[in-house]
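In case you want the letters, here they are:
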Amino acid sequence: MTVMPADLSGIDVRAEIERLRKERNAVILAHYYQRPELQDLADFVGDSLELSRKAAETDAEVIAFCGVKFMADTAKILSPNKIVVLPDINAGCSLEDSCPPEKFKAFREAHPDHIALTYINCSTEVKALSDIIVTSSSAETILQQIPLDQKIIFGPDRHLGGYLSRKFNREMLLWPGVCIVHEAFSETELLKLRAQHPNAPIAAHPECPPHIVDHADYVGSTSGILQYARTISQDTLIVATEPHIIHQMQLSIPDKTFIGAPGADGNCNCNICPYMALNTLEKLYIALRDLTPRVEIEEPLRLAAKKSLDRMLEMASGTVGKGDLGTR
Ligand code: 13P
Ligand code: SF4
């Protein structure tokens with residue numbers, strides 16, 4: 001679907017967002033990978049687990065979700081009586097695209113003795129076919145609660161699955177999906193950067209491939225990386241995840257320097273998530289004004305998907321928003 005640009009000349013978009021947010025009793029949730037101007041006006045900025053919790057708890061009538069579709073879908077699954085709008089309905093995810101529900105269903109049927117531990121970056125249909133959902137901040141806590149003799153399918157991110165598998169010495173059948181953003185970091189360029197900043201630690205998201213994660217001093221979710229940035233004694237940090245998170249780091253730790261890990265061309269533009277970037281201030285204004293694009297999910301599908309999400313929320317209840325996979 002192509003979203004046509006609207007003529008907003010003469011409209012004070014920020015003032016209108018403020019007016020509509022109150023008029024609609026709306027909460028604006030934003031992921032750390034959103035443009036700075038969206039992060040700045042959000043009521044809450046967080047990682048996937050924190051945003052799911054906020055969506056489940058809010059009293060607002062409208063959730064304006066500045067993130068990608070699977071996140072807005074999660075908000076609707078957990079808060080079915082709220083209106084959930086996503087500024088650009090085309091804000092998808094390469095991991096979700098890599099895992100068509102019918103293929104995932106066939107994969108599950110071929111391994112009936114395995115449970116499906118599934119990364120939240122997937123469609124509602126795949127959630128409905130799964131036993132337990134995880135986010136990068138809850139994956140470790142949840143995996144450790146699963147008996148050692150239980151066989152596991154992990155999808156759709158083979159890098160997060162591979163990281164967990166190596167760290168816990170636990171075999172899992174991995175779905176072959178990847179995040180196009182984290183896949184784009186270059187080991188050669190990362191090592192060149194580290195040679196220029198020999199004292200700077202490297203923090204990496206576990207969606208990165210092993211040749212990046214293996215150089216990291218810290219591996220964790222977006223909120224985990226942010227927390228790590230607050231605790232290090234060094235004044236510079238190399239950040240191997242989507243670079244918009246650096247905005248939050250600069251806001252909360254202004255005296256430190258954060259350098260985005262490079263892609264193969266030596267600059268990090270190829271690591272900007274093209275899906276997250278689809279949301280803009282103007283589209284958020286239109287979403288609040290028209291209450292569209294709206295996320296809708298058929299009730300039987302929602303209920304089926306909610307089971308695996310509820311398991312995540314129960315099993316991750318001890319994970320306090322610090323998003324920790326921990327150091328390697
Ligand atoms: P977290 O914010 O949960 O670490 O996930 C990152 C991500 O993949 C968002 O697309
Ligand atoms: Fe999906 Fe990767 Fe973008 Fe996250 S950063 S939304 S995993 S494509």
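Structure: see above.
I will try to describe carefully the structure that is included in this document. Along each chain, residue indices are assigned from 1 in the same order as the chain's sequence is written. Chains carry letters from A onward and ligands carry numbers from 1 onward, assigned in written order. Given that this is a predicted model, residues contribute local features only at a pLDDT of at least 70 and side-chain atom pairs are listed and counted only at 80 or more, while totals for whole chains, interfaces and linings are drawn from all residues. Hydrogen atoms and water are omitted, and side-chain values are computed over all heavy atoms in the structure.

### Topic: the overall build of the protein chain
Helix numbers and strand numbers start at the N terminus; a helix is a DSSP run of H or I with at least 4 residues, a strand a run of E with at least 2. Within the protein chain, the regular secondary structure consists of 15 helices and twelve strands. Over its C-alpha atoms the protein chain spans a radius of gyration of 19 Å, differing by no more than 12% from the 20 Å that the globule rule assigns to 328 residues. In terms of its C-alpha atoms, the protein chain occupies a principal-axis envelope of roughly 55 × 50 × 35 Å. Partly exposed describes any residue whose relative accessible area lies between the buried limit of under 20% and the exposed limit of over 50%, with all areas from a 1.4 Å probe on protein chains only and scaled to the type maximum. Of all 328 residues assigned to the protein chain, the portion counted as buried reaches 58%. Atoms considered for the radius of gyration are the C-alpha atoms alone. The globule rule reads 2.2 Å times the number of residues to the power 0.38.

### Considering the site of ligand 2
In this text, near means that some heavy atom of the residue lies within 4 Å of the molecule or strand in question. Near ligand 2 the following residues occur: Tyr33, Val68, Cys93, Ser94, Leu95, Asn121, Cys179, Val181, Glu207, Cys273 and Tyr275. Each residue receives one of three labels: charged for Asp, Glu, Lys and Arg, nonpolar for Ala, Val, Leu, Ile, Met, Phe, Trp, Tyr, Cys and Pro, and polar for the others, Gly being one of them. Residues belonging to the shell around ligand 2 are distributed by class as follows: eight nonpolar, two polar and one charged.

### Focus on unusual backbone geometry
At the junction of Gly155 and Pro156, the peptide bond is cis and its omega measures out at -10 degrees in the coordinates. Structurally, Pro156 is set in the loop between strand 7 (151–155) and helix 9 (158–167). Cis peptide bonds are those with omega within 30 degrees of zero, and the linkage from Thr292 to Pro293 qualifies with -5 degrees. Mapped onto the elements, Pro293 comes out in the loop between helix 14 (281–290) and helix 15 (299–315). Within the chain, Asn25 stands out as a residue other than glycine whose phi angle is a positive 50 degrees. Inspection of the secondary structure assignment puts Asn25 in the loop between helix 1 (13–23) and strand 1 (26–31).

### Describing the nonpolar core
Grouped together as the largest cluster of nonpolar side chains are 50 residues, with contacts concentrated most on Ile63, Phe65, Leu117, Ile142 and Phe154. A total of six residues in this core trace back to one element, the largest contributor, which is helix 4 (residues 69–78). The residues touching Ile63, leaving out its near neighbours within four places in the chain, are Val27, Leu29, Ala55, Thr58, Ala75, Ser79, Lys82, Ile83, Val84 and Val85. Listed in part, the 37 residues of the second largest apolar core include Ile28, Leu38, Tyr228 and Leu288. Here, nonpolar core means buried Ala, Val, Leu, Ile, Met, Phe, Trp, Tyr and Cys residues that are tied together by side-chain atoms lying within 4.5 Å of each other. Pairs of residues are marked as contacts when any of their non-hydrogen atoms sit within 4.5 Å.

### A look at the side chain of His205
You can see His205 is positioned in the loop between strand 9 (202–204) and helix 11 (210–213). On the accessibility criterion, His205 (3% relative accessible area) is buried. Within polar-contact distance, the side chain of His205 engages the side chain of Ser136 at 3.4 Å. Setting aside anything within four residues of it in sequence, one finds His205 in contact with Tyr33, Tyr119, Ser136, His182, Val213, Val219, Gly220, Ser221, Thr222, Ile225, Ala240 and Thr241. Polar contact is defined as a pair of N or O atoms within 3.5 Å, subject to the rule that within protein one atom must be able to donate a hydrogen and the other to accept it, and that residues adjacent in sequence are counted only when both atoms are side-chain atoms.

### A closer look at the side chain of Glu242
Locating Glu242 in the fold gives a position in the loop between strand 11 (236–240) and helix 13 (245–252). Working convention for charge: Lys and Arg count positive, Asp and Glu count negative, and His plus the chain ends are omitted. Just to be clear on terms, a salt bridge is a Lys or Arg side-chain nitrogen sitting within 4 Å of an Asp or Glu carboxyl oxygen. For the buried residue Glu242, which engages in no salt bridge, the nearest side chain bearing the opposite charge is Arg35, 9.3 Å off. Excluding residues within four positions of it along the chain, Glu242 makes contact with Tyr33, Val181, His182, Asn271, Ile272 and Cys273.

### Observations regarding the pattern of salt bridges
Tallying each qualifying case throughout the model produces 14 salt bridges. For Arg21, the salt bridge identified is with Glu18, shortest N-O distance 2.6 Å. Of this pair, Arg21 and Glu18 both sit in helix 1, separated by three residues, roughly a single helical turn. A salt bridge links Glu109 to Lys105; the nearest nitrogen and oxygen atoms lie 3.1 Å apart. Of the two residues, Glu109 and Lys105 both sit in helix 6 (residues 101–110), four residues apart, roughly one turn of that helix.

### Topic: helix 13
Within helix 13 the residues assigned to the buried category are Ile245, Ile246, His247, Gln248 and Met249. For helix 13, the elements touching its buried residues are helix 2 (36–41), strand 2 (44–46), helix 12 (222–231), strand 11 and strand 12 (257–260).

### Description of the site of ligand 1
Not every one of the 13 residues close to ligand 1 is listed here, only the nearest: His31, Ser136, His205, Glu207 and Thr222. In this structure, Ser48 approaches ligand 1 through a side-chain N or O atom, which is 2.9 Å from an oxygen atom. In this structure, Ser136 approaches ligand 1 through a side-chain N or O atom, which is 2.8 Å from an oxygen atom. Residue exposure ignores everything except the shown protein chains as possible cover, and the areas themselves are Shrake-Rupley values with a 1.4 Å probe. Starting from 310 Å² of accessible surface for ligand 1 in isolation, the protein chains cover 96%. Considered class by class, the residues forming the shell around ligand 1 number four nonpolar, seven polar and two charged.

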